[in-house]
Amino acid sequence: MGLRKKSKNPAVFSHEFVIQNHADIVSCIAMVILLGLMFEVTAKFAIMFITVQYNVTYINIDEGTESISFYEYGFKDLATIFFYMLIAIILHAVIQEYILDKINRRLHLSKTKHSKFNESGQLAFFYLFSFIWGGSILTGEKFTTDPTLLWERYPHSHMFFQVKFFYICQIAYWLHALPELYFQKVRKEDIARQLYYICLYIFHVTGAYILNLHRLGLILLVPHYLVELLFHASRLFYFSDENKQKGFTLWALLFVMARLLTLTLSVLTFGFGLARAENQDFSVANGNFNTLTVRISCLAAICLTQAWMMWKFINFQLKKWREHTQNQIPRKKVANTKNKPSKKECKANTSNGTVKTESGTSPRARKAKAS
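It should be emphasised that the depicted structure is a prediction, and the values quoted were computed from it without experimental measurement. (Residues numbered from 1 in each chain as written. Predicted model: local features only at pLDDT ≥ 70, side-chain atom pairs only at ≥ 80, totals over all residues. Heavy atoms only, no water.)

The subject of this paragraph is empty space enclosed by the protein. In total, this model carries one cavity of 30 Å³ or more according to the counting rule given. Of the pockets and cavities examined, the largest cavity occupies roughly 50 Å³. If you go around the largest cavity, the residues you meet are Y154, L211, L213, F270, L274, F289, N290, V294, R295 and C298. Here the lining of the largest cavity takes three residues from helix α9 (residues 292-339), the largest share from any one element. Residue composition of the lining of the largest cavity, grouped by class: eight nonpolar, one polar and one charged. (1 Å grid on protein atoms, 1.4 Å probe; cavity = no way out; pocket = protein on both sides within 12 Å on 5 of 7 lines; lining within 4 Å. Points joined across faces, edges and corners; volume = space filled by probe spheres on them. Helix = DSSP H or I, 4+ residues; strand = E, 2+ residues; numbered from the N terminus. Nonpolar A, V, L, I, M, F, W, Y, C, P; charged D, E, K, R; others polar.)

Spelled out as structure tokens, the structure:
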């Protein structure tokens, strides 16, 4: 893990050396890119990595000389995504070293819980940051109150700076999660599970960005991140104290509501809004992907993803229910054994075949009636 002090010095460029010092190596690469801004020869190349590209400025005729800046996407965005992927790796190492590792030392968790705690801790920070950022963007957008703006005047090829930078950072974060599986020494049994949701995030966020569906993607990501934030925060509290499970109940309710919201808006956008739009010509130059094949593919991808998430959710709830019932059965057995008298008590209460009362005296035998 980068930024950690180790007693052993592994061989240079060995696997252990890269894992222990990966944050320092990435920091050096980021510093080289930043130093490129100091020289005129390299400045124009360094700017591609640091600043958002493809700026388009329009002059508002109604309000005189006031200009409005929009952004489009292109191949230069790959350089920007690469740079902020490096920043995400550095921030990941800082959070792990100075926050999560210190908490782990106090909790003394097992290896399994230790791995899950680190995963939930990292994701909780990201979901919190993304939810606040995305929510602040949505407060200034009109399509939050008018869903018809999700498909009207499509393609929405022009984005504001905050919207484009939000998507750049989202793609960069989920791409950085792939090498982190190696840097964090994730267990083999957990790699497949994490790869599933990492690839799904990359696929959906990148698809919304390229297909000019950033409005729909943004309004779906923000509530989804809120639900995921609640789940990972509840799991962190559960690892600190197993009795704290109330957060999972609220998460289960919001999870189902978020799935319904996602399906509803997706069907409205692809099934009704874009299907009835006049402009349904495929044009990469204009950023128009409103064709029947693309609409069906997008809607099918969203529905299959939601079905997979509901399947995982149901299995998770069944697992928790089984654990709860298994914990209740031993308690009932203990309660029943406490109520039953032990063998020693039975022997103490009996003497020579006669039963003694609590005071220790045997009851008087009834006299037989004389016939």
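In contact at an axis separation of 7 Å, helix α3 (residues 77-107) and helix α5 (residues 161-183) are set at 55 degrees when each is read in the N-to-C sense. With respect to each other, α3 and α5 are oriented oblique. α5 is crossed by α3, and the crossing has right-handed handedness. Side by side, α3 and α5 meet where D77, T80, I81, Y84, M85, A88, I89 and H92 of the first sit next to K164, F165, I168, I171, A172, Y173, L175, H176, P179, E180 and F183 of the second. Each residue belonging to the contact of α3 with α5 can be placed in one class, and the counts come to 13 nonpolar, three polar and three charged. (Axes fitted to C-alpha atoms, helices over the stretch in contact; angles between N-to-C directions. Parallel < 35°, antiparallel > 145°, perpendicular 65-115°, else oblique. Left-handed = near helix turned anticlockwise from the far one by under 90°. Contact = heavy atoms within 4.5 Å.)

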